[in-house]
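Close look at the chain arrangement
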Amino acid sequence: MESLRKLPTVLQADELVDKIFRRSSKIRGGDLKERIINKLATISNVSRDYFEKIISSHPNYDTLPTFYRELVDLIVGIENLKKALSSLKWANEMIQRIVTKSIKEIRKGKNPLEVYRSACGRISSVIEDIDNELRFLNEAKQKMREIPTLRDMPTVVVAGCPNVGKSSFVARVSTAKPEIADYPFTTQKIIIGYTPEIQIIDTPGLLDRPLARRSKIERKAILCLKNAADAILFIIDPTETCGYPMSSQLSLLEEIKKTFGKPTLEVYSKADLHSFRDRIAFSAKNGEGVKEVLEEITKIAKKVYSQTSTFIADSGQTSTQEQHS
Ligand SMILES: Nc1nc2c(ncn2[C@@H]2O[C@H](COP(=O)(O)OP(=O)(O)OP(=O)(O)O)[C@@H](O)[C@H]2O)c(=O)[nH]1
Ligand SMILES: [Mg+2]
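Let's shift gears to the coordination of the magnesium ion (ligand 2). Around a metal, the perfect tetrahedron of four donors has angles of 109.5 degrees, and the perfect octahedron of six donors has angles of 90 or 180 degrees. Taken together, Ser167 (OG) and Thr187 (OG1) make up the protein donors of the magnesium ion (ligand 2), found 2.0 to 2.1 Å from the metal. Here threonine 187 lies in the loop between helix H8 (166-173) and strand E2 (191-194) and serine 167 lies in helix H8, a separation of 20 residues in the sequence.

Bringing the pattern of salt bridges into the picture now. Taken as a whole, this structure holds 19 salt bridges when the rule is applied. A salt bridge links arginine 135 to aspartate 131, with the nearest nitrogen and oxygen atoms 2.8 Å apart. Of this pair, arginine 135 and aspartate 131 are both found in helix H7 (residues 131-144), 4 residues apart, which corresponds to roughly one turn of the helix. Under the relative-accessibility criterion, aspartate 131 is labelled buried at 15%. In this structure, the salt-bridge partner of glutamate 296 is lysine 299, at a minimum N-O distance of 3.5 Å. Of this pair, glutamate 296 and lysine 299 both sit in helix H11 (residues 290-308), 3 residues apart, roughly one helical turn. Judged by its relative accessible area of 28%, glutamate 296 is partly exposed. Of the residues examined, lysine 299 reaches a relative accessible area of 56% and is grouped as exposed. Linked through salt bridges whose partners overlap, the residues forming this network are Glu254, Lys257, Glu266 and Arg279.

Where interface size is given, it is often the accessible area lost as the parts come together that is meant. Examined at the domain level, the chain breaks down into domain 1 (2-144) and domain 2 (155-308). Here the C-alpha centroids of domain 1 and domain 2 sit 45 Å apart. The contact between domain 1 and domain 2 buries some 700 Å² in all, and 74% of this surface belongs to carbon and sulfur atoms. Per-residue buried area on domain 1 facing domain 2 is highest for Phe67, Glu70 and Leu74; these three make up 76% of the total on that side. For glutamate 70, the salt bridge identified is with lysine 226, shortest N-O distance 2.6 Å.

The mixed open sheet is built from 6 strands, whose spatial order is E2-E3-E1-E4-E5-E6. Of all the strands in the sheet, just E2 and strand E6 (280-281) have a single pairing partner and so form its edges. Note that strand E5 (residues 264-268) and E6 share 2 bridges and pair parallel. Pairing of tyrosine 268 across the sheet is with alanine 281, part of E6.

Turning next to the site of ligand 1. Lining the immediate environment of ligand 1, one finds 22 residues, of which Lys166, Ser168, Phe185, Asp272 and Ala284 sit closest. One of the side-chain nitrogen or oxygen atoms of serine 168 is found 2.6 Å away from an oxygen atom of ligand 1. Protein burial of ligand 1: of its 650 Å² of free accessible surface, 91% is covered by the chains. Within the shell around ligand 1, the residues separate by chemical class into 9 nonpolar, 8 polar and 5 charged.

Our focus in this paragraph is the nonpolar core. Counting 100 residues, the largest nonpolar core has Tyr61, Val72, Met144, Phe169 and Leu233 as the members making the most contacts within it. No other element matches the 11 residues that helix H5 (residues 78-107) contributes to this core. The residues touching valine 72, leaving out its near neighbours within four places in the chain, are Leu4, Tyr61, Leu64, Gly77, Ile78, Leu81, Met144 and Ile147.

Mapped onto the elements of the fold, threonine 186 is located in the loop between H8 and E2. Among the polar contacts listed, one links the side chain of threonine 186 to the backbone oxygen of tyrosine 183, at a separation of 2.8 Å. If we skip the residues at most four places from it in the chain, threonine 186 touches Glu179, Ile180 and Ala181.

The rules we used
Residues numbered from 1 in each chain as written. Chains lettered and ligands numbered in written order. Predicted model: local features only at pLDDT ≥ 70, side-chain atom pairs only at ≥ 80, totals over all residues. Heavy atoms only, no water. Donors = N, O, S within 2.8 Å, 3.2 Å for Na, K, Ca; no water. Helix = DSSP H or I, 4+ residues; strand = E, 2+ residues; numbered from the N terminus. Salt bridge = Lys/Arg side-chain N within 4 Å of Asp/Glu carboxyl O. Buried < 20%, exposed > 50% of the residue type's maximum accessible area, 1.4 Å probe, protein only. Domains from an automatic or database assignment. Buried area = accessible area lost by both parts, 1.4 Å probe. Pairing = 2+ DSSP bridges. Near = heavy atom within 4 Å. Polar contact = N/O pair within 3.5 Å; in protein donor to acceptor, adjacent residues only side chain to side chain. Areas by Shrake-Rupley, 256 points an atom, 1.4 Å probe, with all protein chains shown as cover. Nonpolar A, V, L, I, M, F, W, Y, C, P; charged D, E, K, R; others polar. Core = buried A, V, L, I, M, F, W, Y, C linked by side-chain atoms within 4.5 Å. Contact = heavy atoms within 4.5 Å.

Dropping the structure here:
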């Protein structure tokens, strides 16, 4: 959903007032009456163009594919977005009305300068009134830059407790270069990498707790498991150096299997540090087992994908070679 990442910058009220009056202030020539009418018409055009540009840059949030809709809702809140956009629409209408009325008054013979001064005052108050919404939309634009674009291809979501080595695996096998560090919640955003055959999603770590108590960061992982995964790669760190006991990791695993009912491959990370081999074990450090895990999860994801083919990808997406029809 590239359009969500490329929303335009939104000016704050004082900057927008400057923008709207700057162009009209350059208008010279003609008699006073015509000049003032031209200035008002310019104010009306500049503000209409601006508001329409911002409003039309946003998609219809109600009809977005679930993955994106839920992610936008989590990151910025769809109701707030809608409210902010409709106050821009309101401001635009108000400004158009003020300008139309003022031009009529001038044509009827009222003092052009007086009418103009009063119109400018009212227009800048209208814009001041939506300062919070303008600021909110600009923050939303910044925040939505983290929203990735999914491709329509077999998709694996990597999940597990924090610090177990999810990002280390994703970095080892795919194009993604997530940050890796020895503390929990290093990964706070959804990160997508590619292998020649699959799309692999690195997610924030999950704690063993009910959904209602999950943080925003954890909810991003849940959203991927629910809406994007053909298969789940669940990583368990049996050394517990991640900081979470086996009991919580296994309880989280059960919860995920039960909640999403998706094919889930359970593997051990950090194989260089232990000798448990009752599940496939891999080491992102020395490479042991990495190929085996990747092959196994690729096989599962491809099988599920060929049977279901969910439509999560952006229908308007541009050329992705992997797109399947
Ligand atoms: N010895 C060893 N350490 C590893 C291995 N894989 C990851 N680590 C270490 O484990 C720590 C966590 O690794 P990450 O890949 O950031 O773990 P994560 O699961 O993505 O963590 P969050 O993003 O915080 O949930 C880092 O210090 C890694 O260097 C491994 O195979 N062997
Ligand atoms: Mg990580």
